[in-house]
Structures are given as C-alpha cells and as structure tokens.
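The primary structure of each chain is shown beneath.
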Amino acid sequence: MVCGGGFACSRNALCALNVVYVLVGLLLIGVAAWGKSFGIVSSIHIIGGVIAVGFFLLLIAIVGLIGAINHHQVMLFFYMVILGLVFLFQLGVSCSCLALNTSREESLFRATWDLLSNETRKEIEVNLNCCGLLNNTNDPVSIGTFQMDYNLCTAMCKDNVTKGHMPTCPKCGEKMLKHSDEALKILGGVGLFFSFTEILGVLLAMRYRNQKDPRANPSAFL
C-alpha cells in the first residue's frame, strides 16, 4: 500500500524511525563500551562522548515514540528541539572519531600510560597478554620505560619460550591501537550516517505535529 502522507502514515513513519533510533542508540553504547573495555583505550574521551550520544538518542527516541503514538503536542515539540541538538553533537563526535589518527592515539596512550602505576600496568599486560606500551621511538626515556615495563611484565606470553629463544611478547600499545581504530571507525561511520536521518526525524515530527488527528474532537485542534 502506497503511503499518501496522511495522519496515520506520518505517525507510523515517525514510530518506525524512532525504533531505528533506539537500535542505533543501543549499538553506539554497545560498541563504545566494547572500545572502553581494552585497558587505557578508555582514555580516549571521544568514546565517552559517543556513549553520551547513544544514551540521549535512546532517551529521545522513547519520548518520540510516546509523542507519536499519543500525538502529544508538547512532547513532539521537545522531541524536535532535543533531536536537533543531538544531531549537532553526534555529527561533531562522529567526525572527531573519524579524524583521530594513529599518531594522536599514540600520544594519548603514552600520556595515560605514564600516569599509571606499575601494578596497574601489570594488570593491563596480564589481561591483554602483552608487555610494554610502544617501542617505536628514539627517545631514551621512552626506550628505558619500555625496557623496565618489559622486565617487570608477568604476562603469559613471556613463558612461551621456543627452541631456546628468548620469549617475544606483543606490545600492548599495538594491540590497543588496533582495537581503538576498529572501535572509532565503527562509531564514526555509524554515527555519521544516522546523524543525517535525525534531520528527517525533526522534519517528520514537525509535519506530524501540525496534522489533524481524525479521531480527535475538531474543536480541540489548534
């Protein structure tokens, strides 16, 4: 059946769009939480911003669903305003996720790693089965820190001695960079794509809010 743009059509379209927003909000929260689960990857504050976007999108989608089902004028008005603000914030966060390059991530990881205690570093190394952060610089201080971390490392990979060779453990920084790259690309791509559908949500809510409910009392419609 072709939708003719009537009251019922607008209501059903707005409800369907808000169901999509609920799913997108849950997806953003889930992927961001997965990204924060990897040691000091949580030091990338953009991921925290994505969780906030996902939460507000989930909340406003529920408001939009209730407003669409009941044709509630006040709820639809606040839905339009807040959804417009979420669009702006989500657009900015998504672009930041896609724009964050590897060198910037390395700088964030190094700055956070230097603030961690030896015990916290050991916990991360054991959990990720790696040793040290990164060793791709000529800075004597960074090299000395890496060697100290490697010597103190208690990860299982240090026990894997084969054919008389010294054990070689992967670097924690490399694992975390790969993990954070995947999380940021997913969050940035999904967030950027669905942020533009929020403009559609605002326009659809505006149209639906100004339509007359055929079931209502004609004198009650303003």
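Rules of the game
Residues numbered from 1 in each chain as written. Predicted model: local features only at pLDDT ≥ 70, side-chain atom pairs only at ≥ 80, totals over all residues. Heavy atoms only, no water. Helix = DSSP H or I, 4+ residues; strand = E, 2+ residues; numbered from the N terminus. Buried < 20%, exposed > 50% of the residue type's maximum accessible area, 1.4 Å probe, protein only. Axes fitted to C-alpha atoms, helices over the stretch in contact; angles between N-to-C directions. Parallel < 35°, antiparallel > 145°, perpendicular 65-115°, else oblique. Left-handed = near helix turned anticlockwise from the far one by under 90°. Contact = heavy atoms within 4.5 Å. Nonpolar A, V, L, I, M, F, W, Y, C, P; charged D, E, K, R; others polar. Disulfide = S-S within 2.5 Å. Arc of directions from axis to C-beta. Salt bridge = Lys/Arg side-chain N within 4 Å of Asp/Glu carboxyl O. Polar contact = N/O pair within 3.5 Å; in protein donor to acceptor, adjacent residues only side chain to side chain. 1 Å grid on protein atoms, 1.4 Å probe; cavity = no way out; pocket = protein on both sides within 12 Å on 5 of 7 lines; lining within 4 Å. Points joined across faces, edges and corners; volume = space filled by probe spheres on them.

J.: I tried to follow unusual backbone geometry on my own but got confused; where do I start?
T.: In most cases, non-glycine residues show a negative phi, while peptide bonds are predominantly trans. Of note, H71 is a non-glycine position whose phi angle comes to about 50 degrees, a positive value. Here H71 shows up in the loop between α2 (45-70) and α3 (73-99). Although it is not a glycine, N129 adopts a positive phi angle of roughly 55 degrees. By secondary structure assignment, the location of N129 is in the loop between α5 (118-128) and α6 (140-152). Residue classification places N129 among the partly exposed residues on the basis of a relative accessible area of 29%.

J.: What exactly am I supposed to notice about the packing of helix α1 (residues 7-36) against helix α7 (residues 172-195) here?
T.: The geometry of a pair of packed helices is captured by two quantities: the angle between their axes and the separation between those axes. Where α1 contacts α7, the axes come no closer than 9 Å and their chain directions differ by 165 degrees. Viewed along their axes, α1 and α7 adopt a mutual orientation that is roughly antiparallel. In this structure, the crossing between α1 and α7 has a hand that is left-handed. Two secondary-structure elements touch here, α1 through V20, V24, L27, L28, V31, A32, W34 and G35 and α7 through H179, E182, A183, I186, L187, V190, G191 and F194. Its residues placed into classes, the contact of α1 with α7 shows 12 nonpolar, three polar and one charged.

J.: Before we go on, may I ask you to explain the environment of E105 in this structure?
T.: Assignment of secondary structure puts E105 in helix α4 (residues 102-115). Once the C-alpha coordinates of E105 and G173 are considered, the two residues, 68 residues apart in sequence, prove to be 9.7 Å apart.

J.: When you look at the state of the cysteines in this model, what are you seeing that I'm missing?
T.: All told, the structure shown has three disulfides when counted by the stated rule. Here C131 is linked by a disulfide to C153, with a sulfur-sulfur distance of 2.1 Å. Its S-S torsion of approximately -75 degrees makes the covalent link between C131 and C153 left-handed. Taken together, the residues C131 in the loop between α5 and α6 and C153 in the loop between α6 and α7 connect sequence positions 22 residues apart.

J.: Please explain α5 as it appears in this structure.
T.: Helical geometry: 3.6 residues make up each α-helical turn, so side chains three or four residues apart lie on a common side. All of the buried residues in α5 are R121, I124, E125 and L128. Buried residues of α5, viewed axially, fall in a sector of 100 degrees; they line one side. Away from its buried face by more than 90 degrees, α5 exposes E119, E123 and N127. Where α5 is buried, its residues contact α4, α6 and α7. A positive backbone phi angle near 55 degrees is found at N129, which sits one or two residues after α5.

J.: Hey, could you run me through the pattern of salt bridges in this one?
T.: Summed over the entire model, instances satisfying the criterion amount to one salt bridge. A salt bridge links E174 to K171; its shortest N-O distance comes to 3.9 Å. Relative accessible area serves as the criterion here: at 45%, E174 is assigned to the partly exposed category. For K171, a relative accessible area of 24% translates into the label partly exposed.

J.: Sorry if this is basic, but what is going on with the side chain of E125 here?
T.: Residue position: E125 is located in helix α5. Here the side chain of E125 touches G132 through a polar contact of 3.0 Å, landing on its backbone nitrogen. Every residue in contact with E125, bar those within four places of it in the chain, is listed here: W113, C130, C131, G132, D149, C153, A155 and C172.

J.: Help me out: how do you make sense of empty space enclosed by the protein in this one?
T.: Where empty space is left in the structure can be found by rolling a water-sized probe over the atoms. In this structure the tally under the stated criterion is one cavity of 30 Å³ or more. A per-element tally of the lining of the largest cavity places α3 first, with four residues. Of the residues belonging to the lining of the largest cavity, the class tally is six nonpolar, three polar and no charged.

J.: Would you mind going over the packing of α3 against helix α8 (residues 197-209) with me for this structure?
T.: Viewed as axis vectors pointing N to C, α3 and α8 meet at an angle of 165 degrees, and their least axial separation amounts to 9 Å. Relative to α8, α3 is oriented roughly antiparallel. Of the two elements, α3 crosses α8, and the hand of that crossing is left-handed. In this structure, α3 contributes Q73, L76, F77, Y79, M80, L83, G84, V86, F87 and Q90 to the contact, and α8 contributes E198, I199, G201, V202, A205, M206, Y208 and R209. The residue makeup of the contact of α3 with α8, split by class, is 12 nonpolar, four polar and two charged.

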